[in-house]
Amino acid sequence: MNTVYIALGSNIEPRKDYLDQAIEMLEKHPGFTLIDQSLIYETDPVGYVDQPAFLNMVIKGHTSLTPFQLLDVCQEVEKSLGRKRGVKWGPRTIDLDILLYNNENIETEHLNIPHPRMLERAFVLIPFSDLDNLTIQGTSISQYINQLPDQERKGVRKWEPKNGEEEFEHFAN
Ligand code: X6L
Ligand code: MG
Ligand code: MG
């Protein structure tokens, strides 16, 4: 069995529902088992900053899929949740990025593992550290977080539903 970490992000409402639905679709796939999930964080947009705030999280799974099969599954989930390829780095209903696949290094045109920018992004590292404080290239996740500028860490804040009973209300309506 192979261990994978996947980053999720959404900045088009309903953001939380897109995260939940993406996880549910992955769990329903026979080749993927959800092991753990981070808290959800609200994060200031990075790269293209003139867009709404994101919800970001990281999940850990076990998979019998190869990295490329898993990439296909992630892209199918993105498609079925209405992901449109528009502005580069622009708003999206859901984004699924494979961060790690065992300890493998894969460098191809369409798939790079470890994800090449994960170690510089507070919106990936902080949720990741909820799961495991792995050491990558001799440095632990918490050390990478401490190396980030204060301002980038401040751009990542724990998120919680405004109404604590929102899941119930969704169910009741
Ligand atoms: C200079 C130039 C510095 C580009 C940074 C960083 C570009 C991140 C793209 C960059 C640069 C990205 C998310 C996001 C995006 C997300 C938050 C990207 C791709 N995705 N911001 N921006 N969360 N908070 O999931 O990651 S676009
Ligand atoms: Mg991404
Ligand atoms: Mg992506």
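Residues numbered from 1 in each chain as written. Chains lettered and ligands numbered in written order. Predicted model: local features only at pLDDT ≥ 70, side-chain atom pairs only at ≥ 80, totals over all residues. Heavy atoms only, no water.

### Section: the site of ligand 1
Around ligand 1, the surrounding shell consists of Thr-43, Asp-44, Pro-45, Val-46, Gly-47, Phe-54, Asn-56, Trp-89, Arg-92, Arg-121 and Phe-123. Asp-44 is positioned such that a nitrogen or oxygen atom in its backbone is 2.8 Å from a nitrogen atom of ligand 1. Contact with the protein chains removes 74% of the 560 Å² of surface that ligand 1 exposes when unbound. Residue composition of the shell around ligand 1, by class: 5 nonpolar, 3 polar and 3 charged. (Near = heavy atom within 4 Å. Polar contact = N/O pair within 3.5 Å; in protein donor to acceptor, adjacent residues only side chain to side chain. Areas by Shrake-Rupley, 256 points an atom, 1.4 Å probe, with all protein chains shown as cover. Nonpolar A, V, L, I, M, F, W, Y, C, P; charged D, E, K, R; others polar.)

### A look at the nonpolar core
By size, the foremost hydrophobic cluster in this structure holds 28 residues, and its most contacted members are Ile-6, Leu-8, Ile-59, Leu-70 and Leu-96. At the level of secondary structure, the elements contributing two or more residues to this core comprise strand S1 (2-10), helix H1 (15-28), strand S4 (54-63), helix H2 (67-80) and strand S5 (95-101). Among all residues touching Leu-8, those that are not within four sequence positions of it are Leu-19, Ala-22, Ile-23, Leu-55, Asn-56, Met-57, Ile-59, Asp-95 and Leu-96. By size, the runner-up hydrophobic cluster in this structure holds 21 residues, among which are Ala-122, Leu-125, Ile-126 and Ile-141. (Core = buried A, V, L, I, M, F, W, Y, C linked by side-chain atoms within 4.5 Å. Buried < 20%, exposed > 50% of the residue type's maximum accessible area, 1.4 Å probe, protein only. Helix = DSSP H or I, 4+ residues; strand = E, 2+ residues; numbered from the N terminus. Contact = heavy atoms within 4.5 Å.)

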